[in-house]
Amino acid sequence: MRKILLSISAIIWVTFSYAQTKPLTDLTVEEIMQDQAKFVGTSPSNISWSKDSKNIFFTWRNKDEESSSTFKVGKSGGTFSKDDDRSEGWPSRYAYNKTKSKIIYAKGGDIYMMEVKNKKETQITGTNARESSPNFHSDDVITFISDNNLFSINLKTGLMKQLTNFSIESNNNNEARPRFSGNNSSGNKEQDAWLRDDQIETSSILKDQRTRPRNRNRFRGASFSSQVQAAGDRRSSIKLKNIQNIQLSPDGNYVTFNVFHTAKKPAKNTIVPNYVTQSGYTTDIRARSKVGGEQSYNEIGIYNVSGDSLYMLDSEQLPGITDLPDYVKDYPDREFEKKPRKVSAGRRVVWSEDGKYAVVTFSSHDHKDRWVMRLLPESGDLETVDRQRDEAWIGRLGGQVLGFLPKSETLYFQSESSGYAHLYLYDFKTGSKKQITEGNFEVYSPFISNDGSKWYFTANKKHPGIKHFYSMPIKGGKMTQITSVDGDNSVTLSPDEKTLAIRYSYIDKPYELFVQPNKAGADRVQITESQQDGFKQYDWHEAEIVTFKAEDGANVHARLYKPKNPNGAGVIFVHGAGYLQNVHYWWSSYQREYMFNNMLMAQGYTVLDIDYRASAGYGRDWRTGIYRHMGGKDLSDQIDGARYLMKEHNVEAGRIGMYGGSYGGFITLFAMFQHPDIINSGAALRSVTDWAHYNHGYTSNILNTPVEDPIAYKRSSPIYFAEGLEGNLLIAHGMVDTNVHFQDVVRLAQKLIELGKDNWEMALYPVENHGFTTPSSWTDEYKRIYKLFETTIGQK
């Protein structure tokens with residue numbers, strides 16, 4: 001009887017489970033694109049620990065709630081509760097002494113100290129001036145900033161010293177700089193002329209216009225630079241916009257600081273018209289400038305306390321400062337002067353604990369060089385520790401990883417010199433450099449343990465799309481993998497370093513919070529359950545991670561969604577951002593697209609999602625594979641992916657579509673314009689159409705600037721290839737997009753009209769920025785994409 005009852009229970013449970021699972025063929029665009037928190041759920045984020053390592057704080061939205069809150073749970077798991085007091089009575093910003101028995105902080109413009117053990121608070125200053133940025137210089141001496149000057153207080157004697165006497169003076173000779181105008185006359189004249197010529201070249205109507213309306217309503221505001229002087233210093237005054245990061249050397253002999261200089265001739269600001277407003281009037285949103293124009297920069301200053309003298313570091317000492325980039329050979333008719341390049345100094349001087357060694361960094365404005373230099377503070381001389389040169393551009397990964405190992409004269413830093421982002425050591429005693437992590441993988445977010453004996457970091461050593469948490473001896477050696485479940489393991493280590501708080505996800509499972517002892521292979525405990533019932537009722541597909549050969553022999557990683565009953569059509573999804581990874585074993589940041597791809601697969605489409613050239617996670621050469629030619633290898637990887645679908649997965653020629661947003665939209669346009677025989681239908685969402693109109697920080701890395709390297713811009717911008725359109729094209733764009741401006745697709749639309757193309761349509765979203773926020777817009781956009789595929793490639 002007992003066995004019979006158990007069997008009946010099992011049958012009932014299986015029947016109930018089956019009843020709760022819906023086939024993916026039931027999925028609709030409306031369901032996928034609804035409020036994601038209500039359909040998928042809200043994953044935990046913003047993970048932090050209590051100071052005593054007993055509790056974990058995280059931001060989360062319970063299934064039945066309308067907004068997110070801060071929750072607290074014990075390190076062993078169990079029940080958790082709302083608790084907004086992450087600070088636990090501590091200040092938001094503070095600095096420890098060496099033994100971590102005291103903290104120092106600013107509150108209400110004064111300096112306070114607190115005993116960590118009993119939280120006893122002592123007020124250190126009480127003045128009318130506003131004190132900030134306190135630090136322990138030693139256990140007995142603190143420093144702080146007041147009125148742009150550095151002060152110290154001896155906690156034993158109470159003696160306060162003013163270490164600098166910088167005065168900020170207005171410089172009335174400085175030229176007034178426009179603060180805002182949609183069509184102002186400032187900026188780089190050469191850049192402006194290039195853009196005017198570019199406009200005429202891409203539109204015959206503009207070319208025919210003899211006169212152009214000018215906006216004479218201009219608003220100008222003065223923005224004055226300043227001067228800093230040290231008392232007793234007879235050197236020339238130093239012009240500056242702002243003085244920052246004032247710090248005292250460990251030996252107390254030098255004060256270092258940053259001077260931030262705004263560009264004298266910055267690029268023009270743009271405006272984005274907002275048509276749907278509360279007032280009923282069209283308003284202008286102030287937006288970014290376009291690529292090109294002068295950039296702001298940092299300098300480092302050194303003040304000798306005893307000598308009462310001041311100087312600025314001379315960047316012309318940097319090795320290779322006059323080197324020209326390789327691309328100049330493509331312009332034989334132009335003369336390029338070998339002169340010192342513009343550089344920007346790092347935001348701080350890094351000192352060894354004993355003050356014997358000081359290190360500074362510099363980055364060139366052309367993105368080709370990063371220097372790590374030893375500073376001799378008494379003379380201002382610079383000696384090379386490391387110079388990383390890349391004819392494409394220096395990666396940002398690890399840019400802030402720089403410091404000295406505890407109680408040593410050994411510097412650590414991160415570099416891509418080997419082709420991947422790895423850790424390096426430099427011994428000042430021997431002058432030797434050592435790479436301490438090696439292999440075809442990237443090291444992320446390294447930090448040193450409390451006792452200084454080991455490193456902790458995340459790495460994708462096992463697979464480009466799998467991230468684990470590791471430890472390693474401080475001078476290098478065996479890497480120990482601590483987390484054990486494949487996927488993304490984003491770890492926040494407890495202050496006592498005994499427990500990991502892990503934000504974990506897998507391909508078909510959104511992020512949840514887990515805890516695990518800080519031991520290799522230890523069991524973990526799941527804390528949160530975030531998935532909504534609507535999401536859980538579907539058996540989401542675990543996309544297969546595959547590789548295929550590109551035309552140049554490279555292995556390209558991709559996600560494959562293979563249907564049980566293929567209809568002979570294929571779709572390629574192109575992720576955005578360029579330098580972003582989407583072929584991995586964790587939950588995608590493109591969760592709507594992941595679900596849409598599931599829906600397409602269920603309807604018989606074979607879907608491919610490619611980590612093309614420029615994607616993250618594959619090292620320097622993969623990242624820089626698009627240098628000076630966006631729409632080159634990044635596009636050919638997509639075309640090779642299409643051929644892979646036809647050769648290996650029976651997708652029929654003439655029945656392949658493509659869609660993607662931002663960079664993905666850009667690639668879709670290029671595929672439609674240059675490979676109409678391969679890509680037959682495409683949906684280009686929030687697309688860049690002309691890189692000369694995108695921002696400086698991103699674009700100048702890859703294509704230099706339009707004035708310096710017009711060849712790169714002309715061959716990388718789809719608007720110049722629009723005559724190649726043959727298939728069916730959908731263009732969709734938010735009209736208040738402050739990232740990729742609506743102007744981009746307006747200019748392309750005009751080009752297509754002038755070319756007489758009639759196989760395209762445009763969907764406009766008046767209230768949407770670059771990332772859509774309203775479910776109705778998402779739904780409309782993706783219903784159009786689905787309709788495009790169904791009525792074109794979906795038809796046999």
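Structural data are supplied above this passage.
Residues numbered from 1 in each chain as written. Predicted model: local features only at pLDDT ≥ 70, side-chain atom pairs only at ≥ 80, totals over all residues. Heavy atoms only, no water.

### Looking at the overall build of the protein chain
So, step 1. When its secondary structure is counted, the protein chain shows 14 helices and 46 strands.
So, step 2. Burial analysis of the protein chain (796 residues in total) assigns 54% to the buried set.
So, step 3. Taking contacts inside the protein chain between residues at least 6 apart in sequence as the whole, the part at least 24 apart equals 59%.
So, step 4. If you sum the accessible surface of the protein chain, you get close to 36800 Å²; carbon and sulfur atoms cover 47% of it. (Helix = DSSP H or I, 4+ residues; strand = E, 2+ residues; numbered from the N terminus. Buried < 20%, exposed > 50% of the residue type's maximum accessible area, 1.4 Å probe, protein only. Contact = heavy atoms within 4.5 Å. Areas by Shrake-Rupley, 256 points an atom, 1.4 Å probe, with all protein chains shown as cover.)

### What about the environment of Val141?
So, step 1. With respect to the element layout, Val141 can be found in strand E10 (residues 141-146).
So, step 2. With 44 residues separating them along the chain, Val141 and Asn97 place their C-alpha atoms 9.9 Å apart.

### Let's talk about the nonpolar core
So, step 1. By size, the foremost hydrophobic cluster in this structure holds 81 residues, and its most contacted members are Ile572, Leu608, Ile679 and Trp691.
So, step 2. Tallying contributions element by element places helix H10 (residues 663-674) first for this core, with eight residues.
So, step 3. Setting aside chain neighbours within four positions, we find Leu608 in contact with Phe548, Ala558, Arg559, Leu560, Val571, Ile572, Phe573, Gly641, Tyr644 and Leu645.
So, step 4. Counting 43 residues, the second largest nonpolar core, distinct from the first, contains Phe535, Trp540, Ala543 and Ile785. (Core = buried A, V, L, I, M, F, W, Y, C linked by side-chain atoms within 4.5 Å.)

### Remarks on the sheet that holds strand E17 (residues 254-261)
Adjacent strands of a sheet form backbone hydrogen bonds with each other and so pair up, either parallel or antiparallel.
So, step 1. Here we have four strands laid out as an open sheet, ordered E16-E17-E20-E21, and antiparallel in their pairing. Looking at strand neighbours, the two that pair on one side only are strand E16 (242-248) and strand E21 (309-312), the edges of this open sheet. Within the sheet, the average angular offset between the axes of one strand and its neighbour, ignoring direction, is 20 degrees. (Pairing = 2+ DSSP bridges. Axes fitted to C-alpha atoms, helices over the stretch in contact; angles between N-to-C directions.)

### Looking at the sheet that holds strand E43 (residues 656-661)
So, step 1. Taken together, the eight strands give an open sheet; going across it, the order is E39-E40-E42-E41-E43-E44-E45-E46, and neighbouring strands pair in mixed fashion. What marks the edges here is a single partner per strand, and that holds for strand E39 (544-549) and strand E46 (760-765). Going across the sheet, the axis of each strand differs from the next one's by a mean of 20 degrees, ignoring polarity.
So, step 2. The pairing of strand E44 (residues 681-685) with strand E45 (residues 728-734) spans five bridges and is classified as parallel. Residue pairing in the sheet places Ala684 in a bridge with Ile731 of E45.
So, step 3. Of the strands in this sheet, strand E41 (570-574), E43, E44, E45 and E46 are in contact with helix H14 (residues 775-791), which crosses E44 at around 165 degrees.

### With respect to the packing of helix H7 (residues 591-602) against H14
So, step 1. The contact between H7 and H14 brings their axes to 12 Å, and the two run at 30 degrees. Between H7 and H14 lies a crossing whose hand is right-handed. On the side of H7, the interface is formed by Arg592, Glu593, Phe596, Met599 and Leu600, while H14 contributes Trp778, Tyr782, Ile785, Tyr786 and Phe789.
So, step 2. Looking at side-chain class alone, the contact of H7 with H14 contains eight nonpolar, no polar and two charged residues. (Left-handed = near helix turned anticlockwise from the far one by under 90°. Nonpolar A, V, L, I, M, F, W, Y, C, P; charged D, E, K, R; others polar.)

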